[in-house]
Amino acid sequence: MNLTRKEFLALTGMSVAGFADADWTVQKAAAADGLTQRASQLLQQYDQQGIHRTGTAVDLKSAHWLAAQVRGCGIQPALESFRLNRVDPRGCYLQIGARRMTGLPLFDAGFTDAQGIRGRLGMPGSAVEIGLIELPPNAEYGPNYKKMRQGAQRALVIVTKGSRAGLCPINAAYFTAPYGPPVLQVSSEESEWLKEQAGKNAEALLVAQVKRSTVRAFNVTARITGTNASLAPIVVMTPRSGWWQSLSERGGGLFIWLEIMRAVAASRPARTVVFIASSGHELGHLGLHHFLEKNQSLIKGARVWIHLGANIGAAIEPAHRMQTSSDEFEKLMLNALAAAGTKVDEIAPRTNEIFGEAGNIYRGGGQYLSLLGRNGLFHHPDDRWPQAVDVSALTRYAEAFVQIAGKLTQD
């Protein structure tokens, strides 16, 4: 017996509207599954590449991998190179008596030769040769950070204090203009013992020996030309480098960057959209500085810079911060987040304390819309797949940003 669609619906007790709703629900679930699968695959690949430090072999491999992902979205990528004087640690340790602990020097401070610096270890403000300080991995944003590195000591030891015990390096915000004495960063696991030694001014040897290599690093860029050349373009930016694997720190931004690209490529955007994934994040945003030098008119000329910052979708102690340059962008972002079933934990005031690469745009007088967050594994070697990322949370943020970009490209 052949049934018409209307007869079939009558027999099953389903209305035409109900059938349509069910069909839409299935399609939405399938789309969500596809988003989750793409996120998981991308994050695993990024994690498996290795340590994403700027200008290294892994950084180069990762640039070519990301370029291939861009081509997979139907867009032609470009690898834009910039030079840097890479720091390669050699002998880097603190020795007190028979105990030696390895560390990582600050990349924007002074260094030592193989003989290092000998002297008494003590707390800040005391008359010793080697000072001991405890700082978080985002210390470069602290108001007294630069001053505390310019004291009378011949060298400094920084115990890096993250949410988890370990070595969580501080970004080299002054990489192109280093200053101050040699500084060795060590794991927070050494904190109590070092404080005891500092309390009795123990004799110590600090070695922060490095090799410098002139190399090239690469930003990955792409461009989707809009249908209306009279409209100001949009820029979508995210960093792609870091101290370790940096999975939840950088992976979420890279995933959303590609999802925006995929959606814009499938539409007919009125505005041109420029994409940049920059290397050099941990070195004072070196890659972004290079890009801005070549594209100075974009800073103020873009309709808005969409900044996909650190720790989006982090699973360990997450908290997300929204930064926008206007009420218009704040409202747009809040509405999109709500529609995607997610939110932010903090709305930043519009002051000079704008974090990440959005701060470069703020200081240049441009318009920005930014998301970044806290992360219990920030700058930690355990920021790895799978425990570091909440894929479900990440995909909801991706849905929100695809909606934001879709609106901005057409208005």
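See the structure above.
Along each chain, numbering runs from 1 in the same order as the chain's sequence is written. The predicted origin of the model limits local features to residues at a pLDDT of at least 70 and limits the giving and counting of side-chain atom pairs to 80 or more, whereas totals for whole chains, interfaces and linings rest on all residues. Working from all heavy atoms in the structure, the side-chain values ignore hydrogens and water.

(A) Representation of the overall build of the chain in the model. What the chain contains, in helices and strands, is eleven helices and 14 strands. Throughout, exposure labels follow a simple rule: accessible area from a 1.4 Å probe, protein chains only, divided by the maximum for the residue type, with under 20% read as buried, over 50% as exposed, and the rest as partly exposed. Taking all 411 residues of the chain together, 56% fall into the buried category. Contacts spanning at least 24 positions in sequence make up 82% of the contacts within the chain whose residues lie at least 6 apart. To measure how exposed things are, a 1.4 Å probe is used in the Shrake-Rupley method; for residues, cover is taken only from the protein chains shown. Carbon and sulfur atoms make up 51% of the accessible area of the chain, which amounts to about 17800 Å² in all. By the counting scheme adopted, Arg and Lys are positive, Glu and Asp are negative, and His together with the chain ends is not counted. Note that the charge is assigned to NZ on lysines, CZ on arginines, CG on aspartates and CD on glutamates. One finds the centroid of the 43 positive side-chain charges in the chain at a distance of 6 Å from the centroid of its 35 negative side-chain charges. For the purposes of this entry, the term helix denotes a DSSP run of H or I that reaches at least four residues, the term strand denotes a run of E that reaches at least two, and both are numbered from the N terminus. Residues count as neighbours in contact if any of their non-hydrogen atoms are within 4.5 Å of one another.

(B) The arrangement of unusual backbone geometry in detail. Of note, the amide linkage connecting W385 to P386 takes the cis form, showing an omega dihedral of 0°. With phi around 50°, N201 is a residue other than glycine that occupies positive phi space. Checked against the element boundaries, N201 lands in the loop between α5 (191-199) and β8 (203-224). Judged by its relative accessible area of 33%, N201 is partly exposed. Despite not being glycine, H285 shows a phi value in the positive range, around 60°.

(C) Looking closely at the layout of surface pockets. As defined here, a cavity is a set of points on a 1 Å grid over the protein atoms alone where a 1.4 Å probe fits but cannot get out. A pocket is an open set with protein on both sides within 12 Å along at least five of seven lines, and residues line them when an atom is within 4 Å of a point. Grid points are joined across faces, edges and corners, and a volume is the space filled by probe spheres set on the points. One number sums up the size of the largest pocket: a volume of about 1000 Å³. Together, 40 residues line the largest pocket, and N138, E140, Y141, F355 and G356 are the ones closest to its centre. Residue assignment for the lining of the largest pocket shows that the elements contributing at least two residues are α6 (247-265), β12 (319-324), α10 (358-363) and β14 (368-374). The greatest single-element share of the lining of the largest pocket, amounting to three residues, is contributed by β14. A class-by-class count of the residues in the lining of the largest pocket yields twelve nonpolar, 17 polar and eleven charged. Each residue is assigned to one of three groups, with Ala, Val, Leu, Ile, Met, Phe, Trp, Tyr, Cys and Pro labelled nonpolar, Asp, Glu, Lys and Arg labelled charged, and all others, Gly among them, labelled polar.

(D) Spatial organisation of the packing of aromatic side chains. Here is the rule: rings of Phe, Tyr and Trp (six-membered ring for Trp) pair when centre to centre is within 6.5 Å. Planes less than 30 degrees apart are stacked, more than 60 are edge-to-face, and the remainder are tilted. Enumeration according to the criterion identifies seven aromatic pairs in this entry. The interplanar angle of 50° and the centroid separation of 4.6 Å between the aromatic rings of Y141 and F355 together place this pair among those described as tilted. A residue pair is termed long-range when its members are at least 10 positions apart, and Y141 in the loop between β5 (130-135) and α4 (145-148) and F355 in the loop between β13 (346-347) and α10 qualify at 214 residues. Under the relative-accessibility criterion, Y141 is labelled partly exposed at 35%. Centre to centre, the rings of W257 and F275 are 5.9 Å apart; their planes meet at 90°, and the pair counts as edge-to-face. Of this pair, W257 sits in helix α6 while F275 sits in strand β10 (residues 273-278), and the two are 18 residues apart along the sequence. On the basis of relative accessible area, F275 is assigned to the buried category, the value being 0%. The ring of W193 is capped by R99, whose NZ or CZ atom sits 4.2 Å from the centre of that ring. Working rule: Lys NZ or Arg CZ, within 6 Å of ring centre, within 35 degrees of ring normal, means a charge sits over the ring.

(E) Representation of the pairing of β14 within the structure. Most of β14 is tucked away, with six of its seven residues classed as buried. By this definition, two strands are paired if DSSP reports at least two bridges between them. Looking at chain direction, strand β11 (residues 304-308) and β14 are connected through four bridges and run parallel. Looking across to β14, one finds that I306 is bridged to L369. As paired elements, β12 and β14 share six bridges and run antiparallel to each other. For T324, the partnering residue across the bridge sits in β14 and is L369.

(F) Geometry of α5. Burial in α5 covers these residues: S191, L194, Q197 and A198. Along α5, the residues classed as buried sweep out an arc of 125° about the axis, all on the same side. Facing away from the buried surface of α5 by more than 90 degrees, the exposed residues are E192, E196 and G199. Buried residues belonging to α5 abut β1 (78-96), β2 (99-102), β4 (117-122), β5, β6 (155-160) and β7 (183-186). Two residues or fewer past α5, N201 is found with a positive phi of approximately 50°. Relevant arc is that of directions from the helix axis to the C-beta atoms, nothing else.

(G) Fine view of empty space enclosed by the protein. Counted according to the given criterion, the structure contains one cavity of 30 Å³ or more. Here the largest cavity defines a volume of roughly 40 Å³. Lining the largest cavity are R53, T54, L84, R86, V87, F107, F175 and L283.

(H) Fine view of the environment of I276. The topology assignment puts I276 in strand β10. I276 sits in the buried class, given a relative accessible area of 0%. Between the C-alpha atoms of I276 and L288, which are twelve residues apart in sequence, the distance is 8.4 Å. With residues up to four places along the chain from it excluded, the contact list for I276 reads N219, V220, T221, V235, V236, M237, T238, W257, L288 and F291.

(I) Seen up close, the nonpolar core. Only buried residues count toward a nonpolar core, which is a set of Ala, Val, Leu, Ile, Met, Phe, Trp, Tyr and Cys residues joined through side-chain atoms within 4.5 Å. In terms of nonpolar packing, the biggest core is built from 56 residues, with I256, W257 and F401 touching the most fellow members. Those residues in contact with I256 that sit more than four places away from it in its chain are L308, I312, L394, Y397, A398 and F401. Core analysis: the next-biggest nonpolar cluster, separate from the first, contains 19 residues, C92, A198, A204 and L206 among them.

(J) Fine view of the side chain of H320. By secondary structure assignment, the location of H320 is in strand β12. The definition of a polar contact used here is a pair of N or O atoms within 3.5 Å, where within protein one atom must be able to donate a hydrogen and the other to accept one, and adjacent residues in sequence count solely through side-chain atom pairs. A distance of 3.2 Å separates polar atoms of two side chains, one belonging to H320 and the other to Y397. Beyond its immediate chain neighbours, meaning those up to four positions away, H320 contacts N311, I312, G313, V344, D345, E346, L371, L372, G373 and Y397.

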